[in-house]
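# Fold and geometry: a report
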Amino acid sequence: MKRCLDLVLCSLALLILFIPMLLVAIAVRLTSPGPILFWSMRVGKNNSLFLMPKFRTMQKNTPNVATHLLTGAQSYLTPIGGFLRKSSLDELPQLWSVLLGQMSFVGPRPALYNQDDLIAMRNAKGIEVLLPGITGWAQVNGRDELDLEQKVRLDFEYLQRRSTPFDCYILFLTGMKVLGREGVAH
C-alpha cells in the first residue's frame, strides 16, 4: 500500500511541480558555477547505499559533511542556496529516488554515508529496516533543531506507529512546516 501511495503521489507531484523544478534548475545554473544537482551518498533501507539528488545549494568546494558539522556553513551557500533550503525546494529532485524505490515520501531522513554515529544509533533501534523518506516524524518535530538522540527517538517512534493515516498526518504537517519555513537552520 505504501509503495502504491508513493507512486501516485510522486506522479502527481511531478506533474504539478515540473515547471517550478525547471525554473529552480535554471536559477541554480545561472547563479553559481557547477552542476544543477548535487548527488549525495546516503544510507537507505537495510544500510544499503544510494545516490540521492538535491538541487545544489552549496558551492562546489564545500566539504562533504552533514551541514550541522560544517563550520561557517552560511559562507558555502550559493546565492540562492539559502532560499532553496528554507523553502525546501532543494529537496524536489528526491522524487526521482521515490520513483526508483530507494526512498518513500515518509520515513526517517537518509543519513549521509559518513554519519557513523547516526547510523549506529538507528541500527541499535532497528530503524534501518525502514525506507528513508523525503519527510518524516523527526522533520515535522524540529528538523535541523534536533540533536541526534532526539532524531533517533522520533525515528523509532515512527517505526512503532507507522501506518497510512500516520503518513498522511506527517505529510500534512510537512506542508504546514514548509509553508511556515520552520526548523531550517541553514
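Being a predicted model, the structure only gives us computed values, none of them experimental.

Across its full length, the protein chain carries seven helices and four strands. Going residue by residue from the N terminus, the α and β elements of the protein chain occur as α-β-β-α-α-α-β-α-β-α-α. Taking 186 residues into account, the globule formula puts the C-alpha radius of gyration at 16 Å, and the protein chain, at 16 Å, falls close to it. Expressed along its principal axes, the backbone C-alpha trace of the protein chain runs to roughly 45 × 35 × 30 Å. In the protein chain, which comprises 186 residues, the proportion classed as buried is 45%. Here the analysis covers contacts within the protein chain between residues at least 6 apart in sequence; of these, 69% occur between residues at least 24 apart. One finds the centroid of the 20 positive side-chain charges in the protein chain at a distance of 6 Å from the centroid of its 14 negative side-chain charges.

Pairing between side chains of opposite charge can happen when the charged atoms of each approach one another. Using the criterion set out here, one finds six salt bridges in the structure. For Glu91, the salt bridge goes to Arg109, with nearest N and O atoms at 3.2 Å. In this pair, Glu91 is assigned in the loop between helix H3 (81-87) and helix H4 (95-100) and Arg109 in the loop between strand S3 (104-106) and helix H5 (116-125), connecting sequence segments 18 residues apart. The class of Glu91 is buried, set by a relative accessible area of 13%. Between Asp155 and Arg122 there is a salt bridge, with its nearest N and O atoms 2.8 Å apart. Of this pair, Asp155 sits in helix H6 (residues 148-161) while Arg122 sits in helix H5, and the two are 33 residues apart along the sequence. Summarising the burial analysis for this pair, Asp155 and Arg122 share the class buried. Linked through salt bridges whose partners overlap, the residues forming this network are Lys54, Asp90, Glu91 and Arg109.

Moving on, we come to empty space enclosed by the protein. Inspection of the entire model under this criterion finds two cavities of 30 Å³ or more. Within this model, the largest cavity holds a volume of roughly 130 Å³. Together, 15 residues line the largest cavity, and Val43, Gly44, Arg122, Ile127 and Glu128 are the ones closest to its centre. Ranked by the residues each element gives to the lining of the largest cavity, the list is headed by H5, at three residues. Of the residues that constitute the lining of the largest cavity, the class distribution is eight nonpolar, three polar and four charged. Size it by volume and the second largest cavity reaches roughly 30 Å³. Considering the residues around the second largest cavity, the lining is formed by Lys2, Leu5, Asp6, Leu9, Ser104, Phe105, Val106, Asp167 and Leu171. Mapped by element, the contributors of at least two residues to the lining of the second largest cavity are helix H1 (2-31), S3 and helix H7 (164-180). Take the lining of the second largest cavity: its biggest share by element is four residues, from H1.

About the thresholds
- Residues numbered from 1 in each chain as written.
- Predicted model: local features only at pLDDT ≥ 70, side-chain atom pairs only at ≥ 80, totals over all residues.
- Heavy atoms only, no water.
- Helix = DSSP H or I, 4+ residues; strand = E, 2+ residues; numbered from the N terminus.
- Rg over C-alpha atoms; globule rule 2.2 N^0.38 Å.
- Buried < 20%, exposed > 50% of the residue type's maximum accessible area, 1.4 Å probe, protein only.
- Contact = heavy atoms within 4.5 Å.
- Lys, Arg positive; Asp, Glu negative; His and termini not counted.
- Charge placed at Lys NZ, Arg CZ, Asp CG, Glu CD.
- Salt bridge = Lys/Arg side-chain N within 4 Å of Asp/Glu carboxyl O.
- 1 Å grid on protein atoms, 1.4 Å probe; cavity = no way out; pocket = protein on both sides within 12 Å on 5 of 7 lines; lining within 4 Å.
- Points joined across faces, edges and corners; volume = space filled by probe spheres on them.
- Nonpolar A, V, L, I, M, F, W, Y, C, P; charged D, E, K, R; others polar.

It is worth stressing that arrangement in space is one thing and function is another; only the former is reported here.
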